[in-house]
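# Structure at a glance
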Amino acid sequence: MLFDTHLHLIYPERLSYPWLENVPALNKPNTLEDYIARARRLGISGCFNMEVDVAENDIEAETDLVTELMSAPESPLKGAISACRPEHETFAAFLERNRENPTIRGFRRILHAAPDGTGETDTFRDNVKRLSGTGLTFDLCIFPSQNHIGTALVDHCPDVQFILDHCGVPDIKANDFETWSTGISEIAKRPNVTAKISGVIAYADGENWALSDIRRYVDHVVSAFGHDRLVWGSDNPVCNLGGGLETWVATTRAITADWLKGDREALYSGNAARIWNL
């Protein structure tokens, strides 16, 4: 069974998602009900909601929505990775309000969508460091060109558990393997970083890709991080840009078909269970 660490639930009638106005293919509801119907057929047993870069004043409302959805009968939702703004002086108060919320399992600030330099300030780095010892993770969502920002942040916060989203966001369509792989090898030297193998089909050439195109990127991540520092995610509905949830699950199972059973189980759910004490 798979544990999905990266589901994006979209409820436009409840929350505001300004960035979706520029992405028509994704600018539509993605409800838990719709996800459950598909996930059950695919062997997905549980999931986290990954923040969807809602308007800043909706950040805590997004967590409230997830808490509500978690209470539904037979809900597979086990928590949320909340949005946050570590670049603000108000982060300490925000963390204090939210650190004991059982819904929240970690935080994320999408650095490739933030103004230049956001993740390089002392305020940002010191605020992320506040997660030390809390058991709350921090997702790194960065382009390969920002790997130096990610590694500097990780080095500043050695006691924070980081999750590197989407295999480090490789440009598979452009086949820019060398630049990306060098950065992956470097950040993987930090033992407090786990890589998330999530929805990388969205970075290929639409639906015009082959298994081999995806496999070489996943294989490098596995080689760099090892099987005990990997988690799985769907990146649904963003994965629709490369074929959809069913295609990504099938791709995952094809890539891991010849792995040892224990290594498959670690990626599919075991490592997530350990990291987030599920």
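Just above sits the structure.
Residues numbered from 1 in each chain as written. Predicted model: local features only at pLDDT ≥ 70, side-chain atom pairs only at ≥ 80, totals over all residues. Heavy atoms only, no water.

## Remarks on the side chain of Arg108
In this fold, Arg108 is placed in strand 4 (residues 104-110). Looking at Arg108, the relative accessible area reads 4%, which means it is buried. Only 3.1 Å separates the side chain of Arg108 from the side chain of Asp165, close enough to count as a polar contact. (Helix = DSSP H or I, 4+ residues; strand = E, 2+ residues; numbered from the N terminus. Buried < 20%, exposed > 50% of the residue type's maximum accessible area, 1.4 Å probe, protein only. Polar contact = N/O pair within 3.5 Å; in protein donor to acceptor, adjacent residues only side chain to side chain.)

## Observations concerning the sheet that holds strand 2 (residues 44-50)
The eight strands lie next to each other as 1-2-3-4-5-6-7-8, forming an open sheet whose pairing is parallel. Single-partner strands in this sheet number two, and they are strand 1 (2-7) and strand 8 (230-233). Neighbouring strand axes in the sheet, compared pairwise and without regard to direction, differ in orientation by 30 degrees on average. Two elements, strand 3 (residues 77-83) and strand 4, share four bridges in a ladder whose sense is parallel. Looking across to strand 4, one finds that Ala80 is bridged to Ile104. Where helix 3 (residues 91-98) meets the sheet, it contacts strand 3 and strand 4, and its direction lies at approximately 155 degrees from that of strand 4. (Pairing = 2+ DSSP bridges. Axes fitted to C-alpha atoms, helices over the stretch in contact; angles between N-to-C directions. Contact = heavy atoms within 4.5 Å.)

## Here's the deal with the packing of aromatic side chains
Scanning the model with the defined rule gives nine aromatic pairs in all. With 5.0 Å between their ring centres and 80 degrees between their planes, Phe3 and Phe48 make a pair best called edge-to-face. Taken together, the positions of Phe3 in strand 1 and Phe48 in strand 2 put the pair 45 residues apart, joining distant regions of the chain. Accessibility assignment for this pair places Phe3 and Phe48 in one class, buried. A ring pair is formed by Phe94 and Phe107, whose centres lie 5.8 Å apart and whose planes are at 65 degrees; its orientation type is edge-to-face. Residue Phe94 is located in helix 3, and its partner Phe107 is located in strand 4; the two are separated by 13 residues in the primary sequence. No difference in accessibility class separates Phe94 from Phe107, as the two residues are buried. Among the aromatic residues, those joined into a ring-pair cluster are Phe3, Phe48 and Trp276. Cation over ring: Arg216 sits above Tyr217, and NZ or CZ is 5.7 Å from the ring centre. (Phe/Tyr/Trp six-rings, centres within 6.5 Å; stacked < 30°, edge-to-face > 60°. Lys NZ or Arg CZ within 6 Å of the ring centre and 35° of its normal.)

## Some remarks on the nonpolar core
Counting 78 residues, the largest nonpolar core has Phe138, Phe162, Ile214 and Phe225 as the members making the most contacts within it. When residues in this core are grouped by element, the largest group, six residues, is from helix 7 (residues 211-225). Among the nonpolar cores identified, the runner-up in size contains nine residues, and Phe3, Phe48, Ile275 and Trp276 belong to it. (Core = buried A, V, L, I, M, F, W, Y, C linked by side-chain atoms within 4.5 Å.)

## Describing unusual backbone geometry
Look at the link from Asn236 to Pro237: it is a cis peptide, with omega at 10 degrees. Checked against the element boundaries, Pro237 lands in the loop between strand 8 and helix 8 (245-255). In this structure, Asp235 is a non-glycine residue whose phi angle is positive, near 55 degrees. Assignment of secondary structure puts Asp235 in the loop between strand 8 and helix 8. What makes Asp235 buried here is its relative accessible area of 1%. Unlike most non-glycine residues, Asn277 shows phi in positive territory, near 55 degrees.

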